[in-house]
Amino acid sequence: MAQEFFTQDKMQEVIDLLNEYGVDFKVKDNKIMIKGDVQYVDLHSLPTIIISQGDNKISFDEYMDWNRVVVTTPNHVGYVELSKEVYANYDYPYLIIHF
């Protein structure tokens, strides 16, 4: 039960970040779907998916102990750190973050 609340809190943090930077996205069940064009994918050394949406770049990065969503605009960078249970994939035309 506590893990479920933690996951919902982190999902809300990502939603707030995307709203703050004007990113177009939709929420479906326990997924955030962000429409964009793939800019970079590395599934081996440091797993990362980067998409672009206008001047914004949105990335999902996997690290050893945690994952991270990053939004980069021409003037700002914001991010949310996530647990390893949160993962992402790209299914045209969406970067899908699974909580």
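In case you missed it, the structure is sitting above this.
Residues numbered from 1 in each chain as written. Predicted model: local features only at pLDDT ≥ 70, side-chain atom pairs only at ≥ 80, totals over all residues. Heavy atoms only, no water.

A. Main features of the overall build of the protein. Each helix and strand counted, the protein has one helix and nine strands in total. Listing each helix as α and each strand as β along the protein from the N terminus yields α-β-β-β-β-β-β-β-β-β. In terms of overall dimensions, the protein is globule-like: its C-alpha atoms have a radius of gyration of 13 Å, near the 13 Å expected for 99 residues. Overall, the C-alpha framework of the protein stretches about 40 × 30 × 25 Å when taken along its three principal axes. Within the protein, the fraction of its 99 residues that count as buried is 43%. Intrachain contacts of the protein at a sequence separation of at least 6 include 37% that bridge at least 24 residues. (Helix = DSSP H or I, 4+ residues; strand = E, 2+ residues; numbered from the N terminus. Rg over C-alpha atoms; globule rule 2.2 N^0.38 Å. Buried < 20%, exposed > 50% of the residue type's maximum accessible area, 1.4 Å probe, protein only. Contact = heavy atoms within 4.5 Å.)

B. Region of interest: the side chain of Asp42. As for its placement among the helices and strands, Asp42 is situated in strand β3 (residues 37-42). Here Asp42 sits buried without a salt bridge, and the closest side chain of opposite charge, Lys84, lies 13 Å off (N-O distance). Of note is the side chain of Asp42, whose polar atom sits 3.4 Å from the side chain of Tyr40. (Lys, Arg positive; Asp, Glu negative; His and termini not counted. Salt bridge = Lys/Arg side-chain N within 4 Å of Asp/Glu carboxyl O. Polar contact = N/O pair within 3.5 Å; in protein donor to acceptor, adjacent residues only side chain to side chain.)

C. Summary view of the sheet that holds strand β2 (residues 31-35). The sheet built from four strands is open, its strands ordered β1-β2-β9-β8 with antiparallel pairing. Unpaired on one side and paired on the other, β1 (25-28) and β8 (87-91) mark the two borders of the sheet. Pairwise comparison of adjacent strand axes, ignoring direction, gives a mean angle of 20° for this sheet. Examined bridge by bridge, β1 and β2 share four bridges and lie antiparallel to one another. Paired with Lys28 across the two strands is Lys31, which belongs to β2. (Pairing = 2+ DSSP bridges. Axes fitted to C-alpha atoms, helices over the stretch in contact; angles between N-to-C directions.)

D. View of unusual backbone geometry. Residue Pro93 is bonded to the preceding Tyr92 through a cis peptide linkage, with omega at 5°. By the secondary structure assignment, Pro93 is in the loop between β8 and β9 (94-98). Of note, Asp29 is a non-glycine position whose phi angle comes to about 55°, a positive value. Topologically, Asp29 is positioned in the loop between β1 and β2.

E. Structural detail: the environment of His44. Checked against the element boundaries, His44 lands in the loop between β3 and β4 (48-53). For His44, a relative accessible area of 73% puts it in the exposed group. Residues His44 and Tyr92, spaced 48 residues apart in sequence, show a C-alpha to C-alpha distance of 20 Å.

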